[in-house]
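The primary structure of each chain is shown beneath.
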Amino acid sequence: MVNWILLWQVDSTYEPDVHGTEPISTQLRAAVRKNQDVRWSNGATDSTTGLTYKGGGVPQSQSRDDPNPDPASSSTDGETYQVYVATALTAGGVERQAVPYWSWMPCLVCQKPRPPRCHHCTLCNRCVLKRDHHCFFGRNCVGFSNQRYFIYFLAWSAMLTGWGTYMLPPFVFRHVLPRYSYWDFVWPVNVARTVLGYLPVAYLHLASVSLGAMVLLIFSSFMLVAHLNLVLRGVTSFEFDAKVKVADTRPLASRLRGVLGENWGLSLLLPGFAWSPPLDDPVYWPY
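Residues numbered from 1 in each chain as written. Predicted model: local features only at pLDDT ≥ 70, side-chain atom pairs only at ≥ 80, totals over all residues. Heavy atoms only, no water.

Peer 1: Explain the overall build of the protein chain to me, and be specific about the residues and the numbers.
Peer 2: Helix and strand counts for the protein chain come out as 10 helices and 11 strands. Counting across all 287 residues of the protein chain, residues that qualify as buried make up 43%. Taking the contacts inside the protein chain whose residues are at least 6 apart along the sequence as the reference set, 48% of them involve residues at least 24 apart. Entry remark: accessible area of the protein chain is about 15,500 Å², with carbon and sulfur atoms responsible for 63%. (Helix = DSSP H or I, 4+ residues; strand = E, 2+ residues; numbered from the N terminus. Buried < 20%, exposed > 50% of the residue type's maximum accessible area, 1.4 Å probe, protein only. Contact = heavy atoms within 4.5 Å. Areas by Shrake-Rupley, 256 points an atom, 1.4 Å probe, with all protein chains shown as cover.)

Peer 1: Can you tell me about unusual backbone geometry, naming the residues and giving the values?
Peer 2: Phi at Gln-111 takes a positive value of approximately 60°, unusual for a residue other than glycine. Mapped onto the secondary structure, Gln-111 falls in the loop between β6 (105-107) and β7 (112-114). Judged by its relative accessible area of 44%, Gln-111 falls in the partly exposed class.

Peer 1: Got a sec to walk through the UniProt feature "transmembrane region" (unreviewed entry) in the protein chain? Specific residues and values, please.
Peer 2: The feature "transmembrane region" (unreviewed entry), as given by UniProt, occupies residues 149-173 and 211-232 in the numbering adopted here. The span residues 149-173 carries 100% helix and 0% strand; its end-to-end C-alpha distance comes to 36 Å. End C-alpha to end C-alpha, residues 211-232 measures 32 Å, and it is 100% helix and 0% strand. (UniProt positions renumbered as here; feature names shortened; annotations may be inferred.)

Peer 1: Go over the packing of aromatic side chains with me, naming the residues and quoting the values.
Peer 2: Applying the stated criterion across every chain, the model contains 10 aromatic pairs. Ring geometry for Trp-4 and Trp-8: centres 5.5 Å apart, planes at 40°, overall tilted. Here Trp-8 and Trp-4 lie together in helix α1 (residues 2-9), a separation of four residues that amounts to about one turn. A residue is classified by how much of its surface remains accessible, and Trp-8, at 30% relative accessible area, is partly exposed. (Phe/Tyr/Trp six-rings, centres within 6.5 Å; stacked < 30°, edge-to-face > 60°.)

Peer 1: Could you give an account of the nonpolar core, naming the residues involved and the relevant values?
Peer 2: Ranked by size, the top nonpolar core spans 18 residues in total, and within it Leu-7, Phe-150, Leu-154, Leu-224 and Leu-260 carry the most contacts. At the level of secondary structure, the elements contributing two or more residues to this core comprise α1, α5 (147-176), α7 (201-233) and α9 (252-260). In terms of residues, this core owes the most to one element, α5, which gives eight residues. In this structure, Leu-260 is in contact with Arg-148, Ile-151, Tyr-152 and Ser-276, ignoring residues within four places of it in sequence. Val-99, Leu-230, Ala-242 and Val-244 belong to the second largest nonpolar core, which has 10 residues in total. (Core = buried A, V, L, I, M, F, W, Y, C linked by side-chain atoms within 4.5 Å.)

Peer 1: I'd like a description of the side chain of Lys-130, backed by residues and values.
Peer 2: Within the secondary structure, Lys-130 sits in the loop between β9 (126-128) and β10 (133-135). A relative accessible area of 7% places Lys-130 in the buried class. Not counting the four nearest positions on each side in its chain, Lys-130 is found in contact with Arg-117, Cys-118, Val-142, Gly-143, Phe-144, Gln-147, Thr-236, Val-259, Asp-280 and Trp-285.

Peer 1: Break down a nonpolar patch on the surface for me, citing the residues and quoting the values.
Peer 2: Taken together, the side chains of Trp-163, Tyr-166 and Met-167 define a hydrophobic patch exposed on the protein surface, amounting to about 400 Å² of accessible area. Within the secondary structure, Trp-163 sits in helix α5. (Patch = residues over 30% accessible without salt bridge, like charges linked within 9 Å, V, L, I, M, F, W, Y side chains within 5 Å. Salt bridge = Lys/Arg side-chain N within 4 Å of Asp/Glu carboxyl O.)

Peer 1: Requested: an account of the packing of α1 against α5, with residues and values cited.
Peer 2: Between α1 and α5, whose axes approach to 8 Å, the crossing angle comes to 155°. Judged on the interaxial angle alone, α5 and α1 are roughly antiparallel. Pair α1 / α5 crosses with left-handed handedness. For the pair formed by α1 and α5, the contact residues are Asn-3, Trp-4, Leu-6 and Leu-7 on the first element and Tyr-149, Phe-150, Tyr-152, Phe-153 and Trp-156 on the second. (Axes fitted to C-alpha atoms, helices over the stretch in contact; angles between N-to-C directions. Parallel < 35°, antiparallel > 145°, perpendicular 65-115°, else oblique. Left-handed = near helix turned anticlockwise from the far one by under 90°.)

Peer 1: Explain the side chain of Arg-255 to me, using residue names and the numbers behind them.
Peer 2: Relative to the helices and strands, Arg-255 resides in helix α9. Despite its burial, Arg-255 pairs with no opposite charge; the closest candidate is Asp-248, at 4.1 Å N-O. Reaching out from Arg-255, the side chain makes a polar contact with the backbone oxygen of Arg-250 at a distance of 2.8 Å. Look past the residues within four positions of Arg-255 in its chain and what remains in contact with it is Val-231, Leu-232, Arg-233, Gly-234, Asp-248 and Arg-250. (Lys, Arg positive; Asp, Glu negative; His and termini not counted. Polar contact = N/O pair within 3.5 Å; in protein donor to acceptor, adjacent residues only side chain to side chain.)

Shown next as structure tokens:
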């Protein structure tokens, strides 16, 4: 429950004043390397540098009025992955432009550049650092600051539902089902039989909790394994779904500590343990 509250309350909003903005040197190096203009076409000006951002090298046919653009597409040189970003509103719809994924992208809603791996969530209405996905159960976006709480929440859910699955179903099979039908373990048959008076409410409760524990064990275990696999690979759910080719050069232990922090074991055993922040840099990704 503590991890769920932290997942809900801790957000990963990108704040330029807190997390910093793109250095001019990085901007110029990227422009020289890609032979592109430093400015982006949405006309948004960075107040800290006075530069107007504009991306070049993208055919207009790829960036304007595409009803179903790919979330990411390979660049023409085969080296840099690019993503489609909404840069302007026109009479014909939304103008999208492909920019290199590992560059600072413009945000049409927030009207400011955002760092790599930072994406705007239309539900949260903010740019989220290292956005993984929007968790409807947690009522928040899973990103840089709260991804560890999401992992811990899944881990505790898997452990507790596993314990419930170990304890409850044997009791139901041993003490409930011999006195009643095996159909009483199936929902909604047991609900109908309880309404008709054939099954006590207490037995319906035991059968429902046992079945729910088994279903939640399968779901939470699958989610935990899937997201731990993404963490150990050094990618986010967005990058995995969009097939963005990310190669994290760190060892597996460093990738794990980058998300869960140095004292991830204590954070798992002591929900809310605050002295284990993630070691990743949410703005610059040198590895």
